[in-house]
Amino acid sequence: MGEEGTEGTVHLLCLAASSGVPLFCRSSRGGAPARQQLPFSVIGSLNGVHMFGQNLEVQLSSARTEDTTVVWKSFHDSITLIVLSSEEGTSELRLERLLQMVFGAMVLLVGLEELTNIRNVERLKKELRASYRLIDSFLGDSELIGDLTQCVDCVVPPEGSLLQEALSGFAEAAGTAFVSLVVSGRVVAATESWWRLGMPEAVLLPWLVGSLPPQAARDYPVYLPHGSPTVPHRLLTLTLLPDLELCLLCGPRPHLSQLDAQLLERWWQPLLEPLRGCLPLGPRALPAGFPLHTDILGLLLLHLELKRCLFTVEPSRDKEPSPEHRRRLLRSFYTLVTATHFPPEPGQPDEKAEEAVHRAQVARACYLVSGTEEPGTGWRLVALQLGPRRLLLLLSAQSPTYGLRGLATHTLHALTPLL
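Residues numbered from 1 in each chain as written. Predicted model: local features only at pLDDT ≥ 70, side-chain atom pairs only at ≥ 80, totals over all residues. Heavy atoms only, no water.

Undergrad: How do you make sense of the overall build of the protein when you look at a structure like this?
TA: Within the protein one finds 15 helices and 17 strands. For a compact globule of 419 residues, the expected C-alpha radius of gyration is about 22 Å, and the protein comes in at 22 Å, within 12% of that figure. Taking the principal axes of its C-alpha atoms as reference, the protein extends roughly 65 × 60 × 45 Å. A buried classification covers 53% of the 419 residues belonging to the protein. Partitioning the contacts of the protein with sequence separation of at least 6, the portion at a separation of at least 24 is 62%. Looking at the protein as shown, the accessible area adds up to about 18,600 Å², and 52% of this sits on carbon and sulfur atoms. Across the protein, the mean location of the 36 positive side-chain charges is 2 Å away from that of the 44 negative side-chain charges. (Helix = DSSP H or I, 4+ residues; strand = E, 2+ residues; numbered from the N terminus. Rg over C-alpha atoms; globule rule 2.2 N^0.38 Å. Buried < 20%, exposed > 50% of the residue type's maximum accessible area, 1.4 Å probe, protein only. Contact = heavy atoms within 4.5 Å. Areas by Shrake-Rupley, 256 points an atom, 1.4 Å probe, with all protein chains shown as cover. Lys, Arg positive; Asp, Glu negative; His and termini not counted. Charge placed at Lys NZ, Arg CZ, Asp CG, Glu CD.)

Undergrad: Even after reading the chapter, I still don't get the sheet that holds strand 7 (residues 152-153), so can you show me in this structure?
TA: Where strands meet in a sheet, backbone hydrogen bonds hold them as pairs that are either parallel or antiparallel. One open sheet holds the 6 strands; their spatial order is 7-14-13-17-16-15, and the pairing between them is mixed. At either end of the open sheet lies a strand with only one pairing partner, and these are strand 7 and strand 15 (365-370). Pairing analysis gives 2 bridges linking strand 7 to strand 14 (residues 308-312), with the strands arranged parallel. Bridging from a neighbouring strand, Val152 pairs with Arg308 of strand 14. Taken strand by strand, helix 13 (residues 323-341) contacts strand 13 (296-303), strand 14, strand 15, strand 16 (379-386) and strand 17 (389-395), and its axis lies near 135 degrees from that of strand 17. (Pairing = 2+ DSSP bridges. Axes fitted to C-alpha atoms, helices over the stretch in contact; angles between N-to-C directions.)

Undergrad: Help me out: how do you make sense of unusual backbone geometry in this one?
TA: Trans is the prevailing form of peptide bonds, just as negative phi is the prevailing case for residues other than glycine. The omega angle of the peptide bond from Met199 to Pro200 is 10 degrees, so this bond is cis rather than trans. Topologically, Pro200 is positioned in the loop between helix 8 (192-195) and helix 9 (201-211). With an omega of 0 degrees, the peptide bond between Glu320 and Pro321 qualifies as cis. Examined against the element boundaries, Pro321 turns out to sit in the loop between strand 14 and helix 13. Positioned with a positive phi, Gln150 is a non-glycine residue whose angle comes to about 60 degrees. Note that Gln150 resides in the loop between helix 6 (146-149) and strand 7. Despite not being glycine, Ser184 shows a phi value in the positive range, around 50 degrees. When you line up the elements, Ser184 lands in the loop between strand 8 (178-183) and strand 9 (186-190).

What follows is the structure in structure tokens.
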């Protein structure tokens with residue numbers, strides 16, 4: 001199994017579909033932003049072959065060369081996105097979902113009207129600069145995985161009921177139903193209305209907050225790609241502790257100045273210790289002391305109906321491989337099992353009627369041995385699906401293959417109360 005993102009370059013191109021004028025180009029190498037730009041002749045050729053196919057009523061969606069994968073996607077017959085990746089093992093599924101997230105980010109910060117009715121290309125180019133930081137975070141080596149799973153990255157706080165109660169009370173006092181508590185881009189707790197946000201904004205909003213430079217408070221205009229793509233809302237953020245922010249989605253009211261220190265102290269000062277307990281949860285996701293088998297090096301738990309996930313590579317940090325390598329292994333395994341072994345997630349546009357009919361015949365568990373064939377080397381990856389939950393585990397080489405399914409089943413039952 002190739003590991004996504006091990007090395008190589010990713011180029012992302014955005015063009016006006018009707019004219020072929022490039023709107024922006026973003027690049028990354030080895031998970032870090034890169035200044036390397038594609039020549040205009042290459043950009044023109046990539047767009048030209050796509051337009052040539054469209055004129056013949058042929059939809060060109062992807063292509064592969066010896067060392068590069070290319071994916072094209074048009075949105076509303078107005079914007080064409082093209083991504084080229086020379087990263088080893090890159091899957092088309094990953095690149096397709098990357099393009100969906102990139103267009104969602106563009107709508108989130110610019111609005112659908114500006115993208116579908118382009119009056120002034122130069123002005124649009126300037127407006128799209130506001131989305132660069134968010135888009136670059138998708139191209140980089142992020143600790144989050146919602147861009148790939150299209151599920152909200154969450155953490156499980158040790159005193160979740162107390163935080164949930166305070167969040168509901170604060171939301172009522174602030175006069176908005178959409179409030180969440182976010183640590184390092186992951187949702188700690190949220191009101192029912194916030195959880196009902198559609199995709200992709202449910203993933204994009206906490207990701208946006210996690211990608212912005214630290215600030216005590218923000219009043220940020222955003223569009224909701226699914227819920228309100230043409231009418232802007234306001235995203236208010238208030239920093240309670242470093243990396244722990246309160247997020248409110250609202251209309252013209254309340255004004256940021258109305259969320260004064262007295263209101264924050266009333267609801268959050270009594271919960272200072274539970275709030276501090278949330279800070280280590282960013283990369284860990286699970287409460288301290290949660291019992292996990294010592295062979296587990298990383299896990300991804302998805303609730304496919306709630307569209308939420310828990311993702312961590314923190315267990316047994318003293319063992320190989322590195323956290324970055326673990327994330328790449330789990331991301332690559334997720335794309336493999338999602339595209340090959342398991343049925344499409346509910347609500348995915350790529351699910352065909354005949355595929356839904358044959359769901360009962362598809363695998364419910366699979367495993368993969370990565371690395372050399374020598375005993376005690378490499379890693380084990382196992383995936384298990386039960387009902388709406390899907391669990392992926394990265395295990396050390398000491399874990400015997402005959403026990404993988406049992407270990408995954410036991411772990412899934414232990415995690416079920418959390419998500």
